[in-house]
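# Residue-level structure breakdown
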Amino acid sequence: MKVKIYSFMLMILFLMSQKGFAQTSTDFQEIKPLEVGDFLPDILLENLLFNDVATVQTADFKGSYLILDFWATWCAPCIASFPKTAELNKIYEGKLKILPVTYQSKDEVEKLFSRTQKLRDLKIPMVYNDNILRVLFPHQTLPHYVWIGPDGKIIASTYGNDITEEKIEQVINGQATVLGSKRDKIIDVDPYKPLLAGNPNFGNTPIYYQSALTGPIDGFPGKYDLIRDDQKRIKKFLFTNTSIKHLMRIGFSDGKNIFHNKLIEIDVQDPEKVTTKKTGEEYKIWKQQGNSFCFELIVPDIPEEQKWALLKSELIKLFPQYLISVEERNSPTLALKSLGDPSHLKSKGGPSKYAFSGISGELQNTTLEMLVVHLNSMYLQRDHRLILNKTGIDFPVDLSIEANLRSVEDLQKALAAYNLVLEEELNPVSKLVIRDNPKFIKP
């Protein structure tokens, strides 16, 4: 799974000390990203958790291999890798160190480790509130791993599938060429400016309506933005490096619920033109081969529902090789139900918030629907059954579960404490169906 993050400015504050750069900062200075073959400068790491000493110099790691593991509390694959990280650090103690690094605060990290049973006993030294390493090694997706040799030379940037005993043994034995390559080209996109540059004499004349479609643009993130004006009215739909499947799931939502993967059926001769199951570097190559698009629709000042209708009509016009429809079908579902009086779930108040890590979930003074949404879109997205909320609970709840959210069996055990259950049953659901247009099929 790829998880997306925002690009960072190349200008940050830092303090020059006798030993190196500090993570705290008082002076402006440009920091240039490092490449494979460069040497890691000596940096003072002050914001450390689970470490015997308060500060560490990156020079202290010289003599052994160092892997910087960039992660975040919202990145499920990052969190799931921590037990393996702890094990590898023990196996290769003195030879190699994996050092997790996050831009997030100490409080956010400590909350994750304290409320997640599988992490409570792990004391992996890690950096929090990072504001230098992430700039030296810019990236768009997490997890992101940077390998550094005993001499401080940067060996590679890789995906998580290279973090194995086999690969580590090969690298330690001088075979660094076995490592893959993860290079995230980053271009900042200002969603409030037109996607394509216009006539230089255009000036500040406002654009009332414009539709623009391009192929993939290297360095743009794969994302969707809905741009609104000061009155919260839609001004523009913007998609960058997006698949046909994702274009249609948004475009045919009518501004309501976006179609989950389980609610999309693709019945075409060449499904790889619409979507793919590829990951990592293979996924990046697939997108660059003309299978992703940048699409911008600047809409006129018309009623909001007509703006969504215009988006739909533009997509139909731009991709006539497909027939798109929304159809109601009976499908297998997992219905979330309450086995008794649900009043015990009623929130005791406080701020409305929710947090999910992949191995735990917490709702505070928010709707149960947030659990259903996260299960459908993230943790149980590979399960063909759609999760439906049929509890009848229409009030904010407090709920805290510890379970592998990717396992229905584990979920059932955790939900049982709240008299909740997931029952498999057939239910009518609206599905987005993508078919080939017969007019475009070659005999």
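Refer to the preceding data block for the structure.
Summary of the structure given here.

Cut-offs used in this document
- Per-chain numbering applies: the sequence of each chain, read as written, is numbered from 1 onward.
- Given that the model is predicted, a residue must reach a pLDDT of at least 70 before its local features are reported, and side-chain atom pairs must reach 80 or more before they are shown or counted; all residues, however, enter totals for whole chains, interfaces and linings.
- Each side-chain value is derived from all of the structure's non-hydrogen atoms; neither hydrogens nor water enter the calculation.
- A run of H or I in DSSP becomes a helix once it reaches four residues, and a run of E becomes a strand once it reaches two; helices and strands are each numbered from the N terminus.
- By this rule the span expected of a helix is its residue count minus one, scaled by 1.5 Å.
- For the exposure calls, accessible area comes from a 1.4 Å probe over protein chains only, and a residue counts as buried if that area is under 20% of its type's maximum, exposed if over 50%, partly exposed in between.
- In this description, the arc belongs to the directions extending from the helix axis to the C-beta atoms.
- Residue contacts are defined here by distance: any two heavy atoms, one from each residue, within 4.5 Å place the two residues in contact.
- Pairs of strands are assigned from DSSP output, requiring at least two bridges between the strands.
- What counts as an axis is a line fitted to C-alpha atoms, over the stretch in contact for a helix, and the angles between N-to-C directions run from 0 to 180 degrees.
- Only buried residues count toward a nonpolar core. Its members are Ala, Val, Leu, Ile, Met, Phe, Trp, Tyr and Cys residues joined through side-chain atoms within 4.5 Å.
- Within this document, salt bridges are pairs made up of a side-chain nitrogen of Lys or Arg and a carboxyl oxygen of Asp or Glu, the two lying within 4 Å of each other.
- Each Phe, Tyr or Trp ring, with Trp reduced to its six-membered ring, pairs with another whose centre is within 6.5 Å; inter-plane angles below 30 degrees give stacked pairs, above 60 give edge-to-face pairs, and intermediate values give tilted ones.
- Lysine NZ or arginine CZ positioned within 6 Å of the ring centre and within 35 degrees of the ring normal marks a charge as sitting over the ring.

### Things to note about helix α8 (residues 304–318)
Spanning 15 residues, α8 covers 21 Å between terminal C-alpha atoms, matching the ideal 21 Å at 1.5 Å per step. Among the residues making up α8, those that are buried are Lys307, Trp308, Leu310, Leu311, Glu314 and Leu315. The buried residues of α8 occupy one face: seen down the axis, they fall within an arc of 155 degrees. Facing away from the buried side of α8 by over 90 degrees, the exposed positions are Glu305 and Lys317. Buried residues in α8 make contact with β13 (210–214), β14 (223–228), β15 (234–242), α6 (244–251) and β17 (293–298).

### Thoughts on the sheet that holds β17
If you walk across this open sheet you meet the 4 strands as β13-β17-β15-β14, and the pairing is antiparallel. A single partner strand is all that each edge strand has here, and the edge strands are β13 and β14. Across the sheet, the mean angle separating the axes of adjacent strands is 5 degrees when strand polarity is ignored. Sheet topology note: the β15/β17 ladder contains 5 bridges and is antiparallel.

### Quick word on the nonpolar core
By size, the foremost hydrophobic cluster in this structure holds 38 residues, and its most contacted members are Leu68, Trp71, Phe113, Leu133 and Phe137. By size, the runner-up hydrophobic cluster in this structure holds 29 residues, among which are Val268, Phe295, Ile324 and Leu386.

### Points about the environment of Thr214
Here Thr214 is to be found in strand β13. In this structure the C-alpha to C-alpha distance between Thr214 and Glu272, which are 58 residues apart in sequence, comes to 19 Å.

### Section: the sheet that holds strand β16 (residues 264–267)
Taken together, the 4 strands give an open sheet; going across it, the order is β16-β23-β18-β21, and neighbouring strands pair in mixed fashion. Each end of this open sheet is capped by a strand with a single partner; those strands are β16 and β21 (386–389). Here the average twist between neighbouring strands, direction ignored, is 35 degrees. As paired elements, strand β18 (residues 322–338) and strand β23 (residues 420–436) share 17 bridges and run antiparallel to each other. Note that in β23 the partner of Glu327 across the bridge is Lys431. Helix α10 (residues 408–416) rests against β18 and β23 of the sheet, and its axis sits at about 135 degrees to β23.

### Concerning the pattern of salt bridges
Considering all chains together, one arrives at 21 salt bridges under this definition. Notably, a salt bridge pairs Glu296 with Lys236, separated by 2.9 Å at the nearest N-O pair. Linking Glu296 in strand β17 with Lys236 in strand β15, this pair joins segments that are 60 residues apart in sequence. Its relative accessible area of 5% is what places Lys236 among the buried residues. Two residues, Asp254 and Lys312, come together in a salt bridge whose shortest N-O distance is 3.1 Å. One end of the pair, Asp254, is in the loop between α6 and β16; the other, Lys312, is in helix α8, with 58 residues separating them in the sequence. The partly exposed category is assigned to Asp254, whose relative accessible area is 37%. With a relative accessible area of 23%, Lys312 lands in the partly exposed category.

### Brief notes about the packing of aromatic side chains
A full pass over the atoms with the stated rule returns 11 aromatic pairs. For the ring pair Phe293 and Phe319, a centre distance of 5.1 Å and an interplane angle of 80 degrees mean the geometry is edge-to-face. A residue pair is termed long-range when its members are at least 10 positions apart, and Phe293 in strand β17 and Phe319 in the loop between α8 and β18 qualify at 26 residues. One exposure class covers both Phe293 and Phe319, and it is buried. Following the ring pairs from residue to residue traces out a cluster consisting of Phe50, Trp71, Phe82 and Phe113. Above the face of the Phe395 ring, Lys346 is positioned so that its terminal group lies 5.8 Å from the ring centre.

### Re the side chain of Lys307
Within the secondary structure layout, Lys307 lies in helix α8. Setting aside residues no more than four positions away along its own chain, Lys307 makes contact with Arg233, Ile234, Phe237, Val299, Pro300 and Ile302.

### Notes on the pairing of β23
Where β16 and β23 come together, 4 bridges link them in parallel fashion. The residue bridging Ile264 from the neighbouring strand is Leu432, located in β23.

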